[in-house]
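Letter by letter, the chains look like this.
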Amino acid sequence: MARLNEQQLRLQIKEESFNNAYLIYGEESYLKEHYISLLKKKIVDPAFEAFNLHIFEGKDSSLDDILKDAQMLPMMSEYNFVLVRDYPVEKSKGDIKLLCEFLQDVPESTVFILLYDALIPDVKGAGFKKITDAFDKAGAVVDMQKRSESDVAKLLVSGAKKRGSVLDINNARYLISLSGNDMKNLLNELDKLSYFAQGQEITKEIIDNMATKCLQARVYDLSKAVVSGNTDAACGIIDTLIRMKEDPILILAVIGGVYVDMYRVKCAKAAGYTYDDVAKHYNYRGREFALRNASRDCAKLTENQLRKSLDEIIDTDVKLKSTAIDKKLLLEELIVKLVLIAKEVHYA
């Protein structure tokens with residue numbers, strides 16, 4: 001029938017005009033769970049939930065059992081609701097064939113949902129394409145993308161109001177840059193900040209004192225320290241992250257991502273483009289703050305310095321994954337090299 005975006009799915013639920021089959025996947029876990037909950041609330045009568053609600057966890061289920069329940073008639077309700085979480089359909093040609101045959105003739109009294117959340121599908125693979133084509137014809141495919149930073153900031157502003165507090169749009173963006181763009185985590189942070197504000201404004205000072213910094217935000221602080229040549233501050237951040245039990249390989253991956261962001265922005269500026277152009281080309285939806293930070297930090301570095309820095313990051317990545325050298329020591333050595341590159345100091 002269709003490929004739906006978030007707005008179209010919301011309208012369907014509001015109008016109670018449901019498809020018989022949904023394939024739901026994408027980056028934003030909070031939104032996937034939110035709309036699954038809305039569908040369930042609209043479709044399943046709590047009085048007959050034991051008969052008409054069927055939830056399967058992919059790793060613990062067989063497709064035969066799932067489809068058997070999907071063929072059942074509802075009890076005293078219009079629909080039989082079947083939710084299948086993270087079933088690895090695309091891994092088996094037999095399962096793909098069986099599911100596609102079912103989708104050719106889904107009972108009109110069934111709402112069948114295949115949800116990919118913890119399991120990330122190979123969206124470019126032939127198996128997943130067959131599945132999406134089958135859901136396209138039988139019902140709807142929903143790729144739940146992350147909302148833009150602007151949309152998330154507006155959600156936080158309205159969320160603060162519902163919680164009896166006030167949050168300025170600029171402080172909402174600041175909170176996103178500090179705590180990351182995961183909506184579930186942000187709403188948890190908003191609960192905490194609103195409780196602390198006690199009906200007053202959630203100020204930047206409150207956010208600084210109370211909000212939990214995500215790994216990426218701490219690495220932004222690290223990159224600022226590196227670019228400004230502050231080795232002690234940069235190594236102090238590494239020490240804090242290690243004490244917080246953050247995985248050194250993940251720390252390095254985020255450092256690499258920050259430098260890739262800076263390199264992209266630097267090259268774009270040299271070619272006459274803005275970081276907004278970079279955001280569209282590389283899909284930074286919901287992470288626009290990353291490019292604002294990159295635009296700020298890359299101003300003091302040349303393209304050549306950024307290339308050298310990326311070479312050192314790649315070299316450290318290889319050492320982290322292939323040697324027994326102390327991982328914290330490798331990260332600290334990298335930081336010193338990045339600082340020297342930023343200062344244009346040659347080293348052996």
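Provided above is the structure to which this section pertains.
Definitions and cut-offs
- Residues numbered from 1 in each chain as written.
- Predicted model: local features only at pLDDT ≥ 70, side-chain atom pairs only at ≥ 80, totals over all residues.
- Heavy atoms only, no water.
- Buried < 20%, exposed > 50% of the residue type's maximum accessible area, 1.4 Å probe, protein only.
- Helix = DSSP H or I, 4+ residues; strand = E, 2+ residues; numbered from the N terminus.
- Pairing = 2+ DSSP bridges.
- Right-handed = clockwise from strand over helix to strand, strands pointing away.
- 1 Å grid on protein atoms, 1.4 Å probe; cavity = no way out; pocket = protein on both sides within 12 Å on 5 of 7 lines; lining within 4 Å.
- Points joined across faces, edges and corners; volume = space filled by probe spheres on them.
- Phe/Tyr/Trp six-rings, centres within 6.5 Å; stacked < 30°, edge-to-face > 60°.
- Lys NZ or Arg CZ within 6 Å of the ring centre and 35° of its normal.
- Axes fitted to C-alpha atoms, helices over the stretch in contact; angles between N-to-C directions.
- Contact = heavy atoms within 4.5 Å.
- Parallel < 35°, antiparallel > 145°, perpendicular 65-115°, else oblique.
- Left-handed = near helix turned anticlockwise from the far one by under 90°.
- Nonpolar A, V, L, I, M, F, W, Y, C, P; charged D, E, K, R; others polar.

## Quick notes on the pairing of strand β5 (residues 110-115)
Taking burial as the measure, the 6 residues of β5 include 6 buried ones, the bulk of the element. Alternating positions in β5 separate into two faces, Thr-110, Phe-112 and Leu-114 on one and Val-111, Ile-113 and Leu-115 on the other, with burial throughout. Relative to β5, strand β2 (residues 21-25) runs parallel, the two sharing 4 bridges. Within β5, the position partnered with Ile-24 by the bridge is Leu-115. Where strand β4 (residues 80-85) lies against β5, 6 bridges are found, and the strand directions are parallel. Looking at β5, one finds that Phe-81 is bridged to Val-111. Note on the crossover from β4 through helix α5 (residues 93-103) to β5: the handedness is right-handed.

## Things to note about empty space enclosed by the protein
Within this structure, the stated rule accounts for 1 cavity of 30 Å³ or more. Roughly 40 Å³ of internal volume is contained in the largest cavity. Along its surface, the largest cavity is lined by Asp-315, Thr-316, Lys-319, Leu-330, Glu-333, Leu-334 and Lys-337. Residue assignment for the lining of the largest cavity shows that the elements contributing at least two residues are α16 (303-322) and α17 (327-342).

## Things to note about the packing of aromatic side chains
Evaluation of the coordinates by the stated rule reveals 6 aromatic pairs. With a centroid separation of 5.7 Å and 75 degrees between ring planes, the pair formed by Tyr-116 and Phe-128 is classed as edge-to-face. In this pair, Tyr-116 is assigned in the loop between β5 and α6 (126-138) and Phe-128 in helix α6, connecting sequence segments 12 residues apart. With a relative accessible area of 2%, Phe-128 lands in the buried category. In this structure an aromatic cluster arises from ring pairing among Tyr-25, Tyr-116 and Phe-128. Just above the ring of Tyr-282 sits the side chain of Arg-264; from NZ or CZ to the centre is 3.8 Å.

## Some words on the sheet that holds β5
Read across the sheet, 6 strands follow the order β1-β6-β2-β5-β4-β3 without closing on themselves; strand pairing throughout is parallel. Where the open sheet ends on each side, the last strands, each with one partner, are β1 (2-4) and β3 (53-57). Along the sheet, successive strands turn relative to each other by an average axial angle of 15 degrees, direction set aside. Along the sheet face, α6 touches β1, β2, β5 and β6 (140-143) and points at about 135 degrees away from the line of β2.

## Concerning the packing of helix α13 (residues 248-270) against α16
Where α13 contacts α16, the two axes come as close as 10 Å, and the packing angle between them is 160 degrees. Here α13 lies roughly antiparallel to α16, going by the angle between them. The handedness of the crossing between α13 and α16 comes out as left-handed. On α16, the residues touching Pro-248, Ile-249, Leu-252, Ile-255, Gly-256, Tyr-259, Val-260, Met-262, Tyr-263, Lys-266, Cys-267 and Ala-270 of α13 are Glu-303, Leu-306, Arg-307, Ser-309, Leu-310, Ile-313, Thr-316, Asp-317, Leu-320 and Lys-321. By residue class, the composition of the contact of α13 with α16 is 14 nonpolar, 3 polar and 5 charged.

## A word on the environment of Asp-122
For Asp-122, the location among the structural elements is in the loop between β5 and α6. Judged by relative accessible area, which is 44%, Asp-122 ranks as partly exposed. Put simply, Asp-122 and Glu-90 are 32 residues apart on the chain and 8.3 Å apart in space, counted from C-alpha to C-alpha. For Asp-122, the residues in contact, after removing those within four places along its chain, are Glu-90 and Phe-128.

## Some details on helix α15 (residues 288-297)
Of all 10 residues in α15, 7 are buried; the element is thus mostly enclosed. Phe-289, Ala-290, Leu-291, Asn-293, Ala-294, Ser-295 and Asp-297 are the residues of α15 that are buried.

Geometry only, nothing functional implied.
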